[in-house]
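# Per-entry structural report
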Amino acid sequence: MVNRSRLVDEFLELVRIDSLSLKERQMCDTLKRKLQELGYQPIEDDAGQKVGGQCGNIICTIKGNKDVPAVLLTAHMDTVVPGIGKKPIIEGDIIKSDGTTILGGDDAAGIAIILETLKVLKEQGIEHGDIQVAFTIAEEIGLIGAKNLDYSKIYAKYGFIMDSDGRIGCAAVKAPSQNKIHVVIKGKAAHAGMEPEKGISAFSIMADAISSMKLGRIDEETTANIGIIHGGVATNIVCDRVEIEGEARSRQASKLQQQTEHMRECFEKAAAKWGGQVEFTAEMEYPAYSIDINSDIIKIMKKAADESGFVFEAVTTGGGSDTNIINSKGIEAVDLSVGMTKVHSVQEQISITDMENAVKFLISILKNVM
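Residues numbered from 1 in each chain as written. Predicted model: local features only at pLDDT ≥ 70, side-chain atom pairs only at ≥ 80, totals over all residues. Heavy atoms only, no water.

The helix and strand inventory of the protein stands at 10 helices and 17 strands. In terms of overall size, the protein behaves like a compact globule, its C-alpha atoms giving a radius of gyration of 23 Å where 370 residues would be expected to give roughly 21 Å. Dimensions along the principal axes, computed over C-alpha positions, put the protein at roughly 80 × 45 × 40 Å. A buried classification covers 53% of the 370 residues belonging to the protein. (Helix = DSSP H or I, 4+ residues; strand = E, 2+ residues; numbered from the N terminus. Rg over C-alpha atoms; globule rule 2.2 N^0.38 Å. Buried < 20%, exposed > 50% of the residue type's maximum accessible area, 1.4 Å probe, protein only.)

Below, the structure is given as structure tokens:
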């Protein structure tokens, strides 16, 4: 049913395209051409113009011949760095990078799986309802494409986002909210060798704050991290300014607020202790979602798994994806596994058999929409 060699060839073609966030023009043009060759009429929205990217999101509606709710299939076009000049290597059933870049299976695998699914549906005349495809930009830098998708063109009831790791048959049905945190610590500059006592070190304030802060795994629903620190201009100057970027995540809104306020308090207390100042801002990057285990979309996936020989598993993830945004728009959506592993690293790889099975599972899902 699935054309394995065609799936592999398409995947290899896609991962060789340089497609960093906001620089997806070549990928966008390639995918529009592929959809047109299948007889469809993809459109490109204005998301790129809004956010300063090279292109917008691709939206394509495939009319069905079955009176069931429409389904949205989504994957993102961009990759993380290092993602220029990717050279995929096949070793048996595994496709991996050459070790100098990421592979780009996140999310070229999702794209290739969707395209192969559309081809099999058409070739075999499989009945299905309306299918809407959205290939989004800039997912990796804050779900920017999904946030700016032209939802006036989307009428699907269910969404299946092809962008998760794990065993085929797994679906992420719960994911956290994330607060993006930005902190500016202001101290006082002074000569570090001649009169350091006249300065106030922003680094000392930062160290005091972070050492008293709960970070990492807070509980089963909540995490927090300090990820980026910028500061200082010379070794002989007491540092008077440090900028910090971090995050807090939780599947419970009250816990997210509590952790965010805890981090704020740690910075403010340290600044007061050392005589400095702090500016703390927290902005929600994306909202949490939680799909009821008795919902129709779960029933669809369970039946599809039974019929296609996979074991369905509803899982919880600590990551964010376009799925968070799509759920917030009133579309019941889950993140399906495509089999990628070691993502966002130069050891990234994917199993060809997993991609093939992901197509089979997706086809079964589309056949069982009710």
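Once that is clear, we can look at the environment of Phe11. With respect to the helices, strands and loops of the structure, Phe11 is situated in helix α1 (residues 4-15). Phe11 sits 102 residues away from Ile113 along the chain, and the two C-alpha atoms are 8.5 Å apart. Contact partners of Phe11, with chain neighbours within four places excluded, come to Ile95, Leu103, Gly105, Ala108, Ala109, Ala112, Ile350 and Met355. (Contact = heavy atoms within 4.5 Å.)

Pairs of packed helices are described in terms of their axes, by the angle between the two and the distance that separates them. Relative to each other, α1 and helix α10 (residues 352-367) sit at 110°, their axes nearing to 10 Å. Considering their axes alone, α1 and α10 lie roughly perpendicular with respect to each other. Residues Arg4, Leu7, Val8 and Phe11 of α1 touch α10, and the partners they reach there are Ile352, Thr353, Met355, Glu356 and Val359. (Axes fitted to C-alpha atoms, helices over the stretch in contact; angles between N-to-C directions. Parallel < 35°, antiparallel > 145°, perpendicular 65-115°, else oblique.)

The volume enclosed by the largest pocket comes to roughly 950 Å³. Surrounding the largest pocket, 40 residues form its lining, Glu140, Arg249, Gly319, Gly320 and His344 being those nearest its centre. Secondary-structure elements contributing two or more residues to the lining of the largest pocket are β7 (158-165), β8 (170-175), β9 (177-186), β11 (222-231), β12 (241-250), β13 (277-286), β15 (313-316) and β16 (332-341). By residue number, the principal contributor to the lining of the largest pocket is β12, which donates four residues. Taken together, the residues of the lining of the largest pocket sort by class into 13 nonpolar, 16 polar and 11 charged. (1 Å grid on protein atoms, 1.4 Å probe; cavity = no way out; pocket = protein on both sides within 12 Å on 5 of 7 lines; lining within 4 Å. Points joined across faces, edges and corners; volume = space filled by probe spheres on them. Nonpolar A, V, L, I, M, F, W, Y, C, P; charged D, E, K, R; others polar.)

Turning next to the nonpolar core. The biggest cluster of nonpolar side chains holds 75 residues, and the ones touching the most others in it are Phe11, Met77, Phe135, Phe160, Met301 and Leu336. The dominant element in this core, judged by the number of residues it contributes, is helix α4 (residues 105-123), at 10 residues. (Core = buried A, V, L, I, M, F, W, Y, C linked by side-chain atoms within 4.5 Å.)

With the rule as written, the count across this model stands at two cavities of 30 Å³ or more. Empty space within the largest cavity amounts to approximately 50 Å³. Forming the boundary of the largest cavity are 15 residues, of which Leu14, Met27, Thr79, Gly104 and Ala108 lie nearest the centre. Sorting the residues of the lining of the largest cavity by element identifies α1 and α4 as the ones contributing at least two each. With four residues, α4 is the single largest residue contributor to the lining of the largest cavity. The residue makeup of the lining of the largest cavity, split by class, is seven nonpolar, four polar and four charged.

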